[in-house]
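If you want the building blocks of each chain, they are given just below.
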Amino acid sequence: MALVKVLSDTKYTIKDIHDFIKTVYEKRADEGIHFQALSKSTESIEQRIDDNHGIVFVAVDEQSQELLGTGTILFHYDENHVLYAGFILEAVRPDVQGQGIGKMLKQQREVCAKERGCHYIISSTASNAVSSIKYQLKSGAKKYGFSSAKNSDYYSIYFRKDIVSSFKGSALYCFIRYQVTKAKTKLLFHKDGSFTKLGEVCYNTFKQLKR
């Protein structure tokens, strides 16, 4: 049986969590999905968590206390100063996937987000991570955005799940926003975050106009 705990209540450290995540994500690399956490340093991940008052949750075996899964929640304010939660660094050990551990970790973070007064949750995954996308949609999240990042080899899909009902969390708004950001991103950027030819033209034109 798995138990979900806060990292600080266990024997594990951020380094242990990062090593665990890399081990799980390296399995996905065989599918052509190279999550960015594979190239991040433990120090940079720890700094990001600290900067955003994050909480790391872990799922452990009730008897052996062996690490089975993990998921982190960060806290941000959007452009309207509305508090929202960011779900990152989600991983479940391959041999125990499909046993509800990921669901437990997500539910615990959702409870945490509600208790902290967050209005909505944002999460993301690679656009070619089919199983992860299905999982997000099944959990009630909606596709909300599309982007590329420097030094990546995939586009990212962002998901939104409202805690406090809002127009921006409605199916229509999320659908339109997702389609617009997807079209814009693919027109202007490659998967690795570099400009397309059109992106270069737009960027150089914008620089000229700013002078």
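Our subject is the structure that appears above.
Residues numbered from 1 in each chain as written. Predicted model: local features only at pLDDT ≥ 70, side-chain atom pairs only at ≥ 80, totals over all residues. Heavy atoms only, no water.

Mapped onto the elements of the fold, His18 is located in helix H1 (residues 14-29). Exposure remark for His18: the relative accessible area of 2% places this residue in the buried category. One polar contact links His18 to Thr42, side chain to side chain, over a distance of 2.8 Å. Setting aside residues no more than four positions away along its own chain, His18 makes contact with Ala37, Lys40, Ser41, Thr42 and Ile45. (Helix = DSSP H or I, 4+ residues; strand = E, 2+ residues; numbered from the N terminus. Buried < 20%, exposed > 50% of the residue type's maximum accessible area, 1.4 Å probe, protein only. Polar contact = N/O pair within 3.5 Å; in protein donor to acceptor, adjacent residues only side chain to side chain. Contact = heavy atoms within 4.5 Å.)

A separate point is the side chain of Ser132. With respect to the helices and strands, the residue Ser132 is situated in helix H4 (residues 130-138). A relative accessible area of 19% places Ser132 in the buried class. Those residues in contact with Ser132 that lie beyond four places of it in its chain are Arg28 and Thr125.

All chains considered together, the criterion is met by 9 salt bridges. One salt bridge connects Glu66 with Arg93, and the closest N-O pair in it is separated by 3.0 Å. Of this pair, Glu66 sits in the loop between strand S2 (55-61) and strand S3 (67-77) while Arg93 sits in the loop between strand S4 (83-92) and helix H3 (101-115), and the two are 27 residues apart along the sequence. Across the salt bridge formed by Asp95 and Arg93, the nearest N and O atoms sit 2.7 Å from each other. Through salt bridges with shared partners, one network takes in Lys15, Asp19 and Lys22. (Salt bridge = Lys/Arg side-chain N within 4 Å of Asp/Glu carboxyl O.)

In spatial order, the strands read S1-S2-S3-S4-S5-S7-S6; together these 7 strands make up an open sheet with mixed pairing. Only two strands of the sheet have a single partner each, and these edge strands are strand S1 (2-6) and strand S6 (142-147). Shown here is a sheet whose adjacent strand axes are inclined to one another by a mean of 25°, direction ignored. Along the sheet, H3 contacts S1, S2, S3, S4, strand S5 (120-126) and strand S7 (156-162); its crossing angle with S3, the most-contacted strand, is approximately 30°. (Pairing = 2+ DSSP bridges. Axes fitted to C-alpha atoms, helices over the stretch in contact; angles between N-to-C directions.)

One pass over the full model with this rule turns up 0 disulfides. Left without a disulfide partner, Cys118 is nearest to the cysteine sulfur of Cys112, which lies 7.5 Å away. Cys118 sits in the buried class, given a relative accessible area of 2%. (Disulfide = S-S within 2.5 Å.)

Let us now look at a negative patch on the surface. A surface patch of negative charge is lined by Glu43, Glu46, Asp50 and Asp51. On the secondary structure map, Asp51 appears in helix H2 (residues 42-51). (Patch = residues over 30% accessible without salt bridge, like charges linked within 9 Å, V, L, I, M, F, W, Y side chains within 5 Å. Areas by Shrake-Rupley, 256 points an atom, 1.4 Å probe, with all protein chains shown as cover. Lys, Arg positive; Asp, Glu negative; His and termini not counted. Charge placed at Lys NZ, Arg CZ, Asp CG, Glu CD.)

With that out of the way, let us pick up H4. Every buried residue belonging to H4 is among Ser132, Ile133 and Gln136, and all of these are buried. Down the axis, H4 shows its buried residues gathered within 100° of arc, on one side only. Opposite the buried face of H4, at more than 90 degrees from it, the exposed residues are Val130, Lys134 and Lys138. Directly beyond the C-terminal end of H4, a positive phi value near 100° is found at Gly140. (Arc of directions from axis to C-beta.)

Another point: the environment of Ala59. Topologically, Ala59 is positioned in strand S2. The exposure class of Ala59 is buried, given its relative accessible area of 0%. Between the C-alpha atoms of Ala59 and Lys184, which are 125 residues apart in sequence, the distance is 38 Å. Setting aside chain neighbours within four positions, we find Ala59 in contact with Leu3, Val4, Glu66, Leu67, Leu68, Gly69, Ile101 and Leu105.

The subject of this paragraph is the pairing of S2. Most of S2 sits out of view: 7 of its 7 residues are buried. Because side chains alternate across S2, one face comprises the buried residues Ile55, Phe57, Ala59 and Asp61, and the other comprises Val56, Val58 and Val60, equally buried. Two strands pair when backbone bridges link them, and S1 and S2 are joined in this way by 5 bridges, in the antiparallel orientation. Bridge pairing in S2 places Ala2 opposite Asp61. Two strands pair when backbone bridges link them, and S2 and S3 are joined in this way by 6 bridges, in the antiparallel orientation. Along S3, the bridge assignment pairs Ile55 with Ile73.

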